[in-house]
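# Tertiary structure, described
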Amino acid sequence: MTFTDKLKTNPTALWSGVVLIACALIALPFALAMAGTTWVRVTNLAILFTLLALGLNIVVGFAGLLDLGYIAFYGVGAYVYALLASPQFNLHLPFWVILPIGALAACVFGVLLGAPTLKLRGDYLAIVTLGFGEIVRIFFNNLSQPVNITNGPQGISRIDPFTIGSFSFSQNEVLLGLNFSGPIKYYYLLLLVLIAVIVINLRLEDSRIGRAWQAIREDEVAAQAMGINTTRIKLLAFAMGASFGGVAGGMFAAMQGFISPESFVLVESVMVLSMVVLGGMGNIWGVIVGALLLSFVPELLRHTVDPLQRSLFGRLIVEPEVVRMLLFGLALMLMMLFRPAGLWPSKVRQRELADE
Amino acid sequence: MSILLDARDIGKRFGGVEALSAISLTIEHGEIYGLIGPNGAGKTTFFNVLTGVYRADSGGFSFDGAPLNVSAPHQVAVAGIARTFQNIRLFANMSALENVMVGRHVRTHAGIFGAILRGAGTRAEERAIHERARALLDYVGLAARGNEIAHSLPYGDQRRLEIARALATDPKLLALDEPAAGMNATETATLRQLLERIRTDGTTLLLIEHDMKLVMGLCDRIAVLDYGRKIAEGAPAAVRKDAAVIEAYLGGELA
Amino acid sequence: MEIFLQQLINGLTLGSVYAVVALGYTMVYGIIQLINFAHGEVVMIGAMVAFSVIGWLAANTALPPLVIVLIGTLAAIPACVGVGYALEIFAYRRLRHAPRLAPLITAIGASIVLQQVAMMIWSRNPLGFPQIIPNTVYHLEGATITLVQIAIIVTSVLLMVGLTLVVYRTRLGVAMRATSQNAHIAGLMGVNVNQIIAATFMIGAALAAVAGVMVGSYYGIAHYTMGSLLGLKAFCAAVLGGIGNLAGAMLGGMLLGIVEALGAGYIGDFTNNVFGSNYQDVFAFLVLIGVLVFRPSGLLGERIGERA
């Protein structure tokens, strides 16, 4: 019996585990805050990237479509939020209005990209999506003349944080004797959103649409013969993945208060794709692990490599950023050579790779 | 008996090769219709044109009284024609049950919102899909193998699974491409029983086959293709004596 | 009219470089159906190595400029060939029969690694091209063409002719073409498939080295990030011409360069200055998307159907 089978047969163990994890998650930000608010911010970004990875997992893991420009949807969501809640156009709509608009905008972009290109074969689709991601970024970078929409490379700042009435997510408050800083408030919101997204993903996987995605991934010709409108179903995957990206982007803009095209470059798309691949494509839990790993390890490295170099060599030989990217690139190569199914692949994925 | 499928003057070229040339045939409701001919005669090409994988260069189909306008392959299943493939095309890494459940896709409706919200309607539909899939596996004799992964099934079971999956689409016409290929005599006999049962239960069958014993015993009528042309059509007994057919299979007289 | 001619000249120059780089992509794709994402980085390494050598020679010797550039190029070639060979041996060979995603990700990983290594060796600062080539300018109907531009176009043409001769007139070429048609059968016919594939990578890398010197001398600087965008555009050019097709890569490269240059030159006029030449990079991607949507086999490629 596998670990998860054992869990299913022992409800007491399962529920005790869940309660323990829940307590740990609720207490986590305060523990992190003791080491510095930066670590709460890092965790928040990690959760955001996990949301992105779960969104991309629908496209890459469920439907088997290669998307190398996913970060564009994140960017669309972020800029929509920034344009509707900042001094840029002096609009200050509430977040519960903007986030759905952002999701919709990203969804539209997803459909625009997918409609003509989903019939393309694997690596061609990858390159086209990459090109699309770059085009979107170039537009973000240049839509400052003649009408200043995105404020070009300088980006948009002083973005409104989430507010509900007088409760602002960026203000420090003291409740129940505990100090809730802005990042800590966002943490709980992000955690709730993450749980919702996980539930949505689990439900999608075990549904008529989820089975259709898997059928298309297995054998597109047979899927068509069974009456599956493969173009429409693939487009659905694209649109869903894009919407998740859009929502995450909106939250990013509000949390950080400032966005610029720099956050939406190709490397970020590669990063999100790596989280999905590393974790184990198609497996929701594996993808979460992959996302958390790829978000936290570089930060940990940054805080250890720097002092380590200084103590060993007396100075900084290699910048932490370079070390991070170098290890990332090597990790990608080594993963594909030795464990292409990812760290925690879905059983289906393991079978697929065992065949080939 | 009424006509279910009417193929008129179907033509298909691939570059210089005329794979199908003015093929006309009719299949009646409730028949078992066989399509035979030497290798390369165009039988699978005909299937592919019928099911929308290729577009016919000339001619057209009527299905159940209406013209069959297929602009995308998936619409054929919607119209009521399901097929199996010459080289089995199962969803290899899904279980047998899941394969058949995918077959129910075309007759069910739950979409994204249904999947996410899981309202009462969606839950009921999912239960119905499960039950029907289990029933179909039982129908073809694979009830015990529902949770096994498709590619690990023995060859004969894989063929039967493909039939169950096709039946899940509630077809009016079931088109089978060499269903008995690679089967021994016992398996072929079991297959024959299954196919006759499918016909009795209301589905018309069109099959491509090379196993002459099966074809002659099972089919009500046969068409013979050779080099893209139909060279004979009729009851099995008549066709097997047709001179053109014999020549196609065995070659002409020695001079 | 002057703008047109000038942009045409600029386009031809840039297009020649795209063509030479595109050849590397198309050869590798033709033979093992892999998009060698790291190819752009190989070009960058060629430029960096050459510039380092050229810079040192220019500062410390009195050799004529042509000789300096030649030595620089000759130093770059083995460096790039080594990198190309290493990529094939260490990164791609084991993944030859893996699903498409694996070599693609490996290639991306390799590209990242190469960039970072270049950054570590040469630092973030760009290397400049020393002022050793005379700034001779020729005038042509109101447009100007520099010596460097002429050199680039001529060198590219020579390289393309040379490669075509190798592929169509030598035993190596026959082996390469056979392997790209059907590697398995080629192996049965006595071709050492691994060697041929390695040779393909090495030839592409050698071309990349020269392309690196050309593009570096055209813009006057070499920088560790110069490879990625150039590589992407050259890949677009290869797809435009028909991936796997040598003539297609050359045609696609030239065309893309001209489209980019003319587009950048005229887009301001066409859109009333809403979009300016800063959108130049978009053209390559738009061309790519357009080609793949409307004519996926490219201009000179073959149409392949799928049997059920």
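Residues take numbers from 1 onward in each chain, read along the sequence in its written order. Think of it this way: whatever chain is written first is A, whatever ligand is written first is 1, and the rest follow in order. For this predicted model, a pLDDT threshold of at least 70 governs which residues receive local features, and a threshold of 80 or more governs which side-chain atom pairs are given and counted, while totals over whole chains, interfaces and linings are taken from all residues.

## A look at the nonpolar core
- Among buried residues, those of type Ala, Val, Leu, Ile, Met, Phe, Trp, Tyr and Cys that are joined through C-beta atoms within 7 Å form a set called a nonpolar core. Any residue surrounded by 20 or more other C-beta atoms within 10 Å of its C-beta is treated as buried, while 12 or fewer makes it exposed and the intermediate range makes it partly exposed; C-beta atoms here are placed from the backbone. Counting residues in hydrophobic clusters, the biggest one holds 291 residues, and the most contacted among them are Ala237 and Val272 of chain A together with Cys80, Cys236 and Leu288 of chain C.
- Not counting residues up to four positions away in its chain, the partners in contact with Cys80 of chain C are Val42, Ile45, Gly46, Ala205, Ala206, Ala208 and Ala209 of chain C. By definition, residues are in contact whenever their C-beta atoms, placed on the basis of the backbone, come within 7 Å of each other.

## A few points about the interface of chain C and chain A
- Contact residues are listed per partner, giving 35 residues for chain C and 32 residues for chain A.
- Broken down by secondary-structure element, the contributors of at least two residues to the side of chain C that touches chain A are helix H4 (101-122) and helix H11 (280-294) of chain C.
- Starting at the N terminus, helices and strands are each numbered in turn, a helix being any DSSP run of H or I of at least four residues and a strand any DSSP run of E of at least two. Among the elements that take part in the side of chain C that touches chain A, H4 of chain C stands out by supplying 13 residues, more than any other.
- Residues belonging to the side of chain C that touches chain A are distributed by class as follows: 26 nonpolar, six polar and three charged. Any residue outside Ala, Val, Leu, Ile, Met, Phe, Trp, Tyr, Cys, Pro, Asp, Glu, Lys and Arg is labelled polar, Gly included; the first ten of those are nonpolar and the last four are charged.

## What to know about the domain arrangement of chain A
Residues and elements named next belong to chain A.
- Under the domain assignment, chain A is made up of domain 1 (1-35) and domain 2 (42-277).
- A domain assignment, automatic or from a database, supplies the domain bounds used here. Between domain 1 and domain 2, the C-alpha centre-to-centre distance is 28 Å.
- Contact residues are listed per partner, giving five residues for domain 1 and six residues for domain 2.
- When grouped by side-chain class, the residues that make up the side of domain 1 that touches domain 2 number five nonpolar, no polar and no charged.

## Things to note about the sheet that holds strand S2 (residues 17-28) of chain B
Residues and elements named next belong to chain B.
- Paired strands are those between which DSSP finds at least two bridges. Strand order in the open sheet made by the four strands is S2-S1-S4-S5, with antiparallel pairing throughout. The two strands at the open ends of the sheet, each matched to only one other strand, are S2 and strand S5 (66-67).
- In this sheet, strand S4 (residues 58-63) lies alongside strand S1 (residues 3-14) in antiparallel orientation, the contact comprising five bridges. Bridging across to S4, Asp6 finds its partner in Ser62.

## Structural notes on the sheet that holds strand S8 (residues 204-208) of chain B
All names here are of chain B.
- Reading across from one edge, S6-S7-S8-S3-S9-S10 is the order of the six strands in this open sheet, with mixed pairing throughout. Where the open sheet ends on each side, the last strands, each with one partner, are strand S6 (81-83) and strand S10 (229-234). With strand direction ignored, the average angle separating the axes of adjacent strands in the sheet is 20 degrees.
- Only the contacting stretch of a helix is used when fitting its axis, a line to C-alpha atoms as for every element, and angles between N-to-C directions run 0 to 180 degrees. Each of strand S3 (32-36), S6, strand S7 (173-177), S8 and strand S9 (221-226) touches helix H1 (residues 43-50); the most contacted strand, S7, lies at about 145 degrees to it.
- In this fold helix H10 (residues 243-250) packs onto S9 and S10, with an angle of close to 125 degrees to the strand it touches most, S10.

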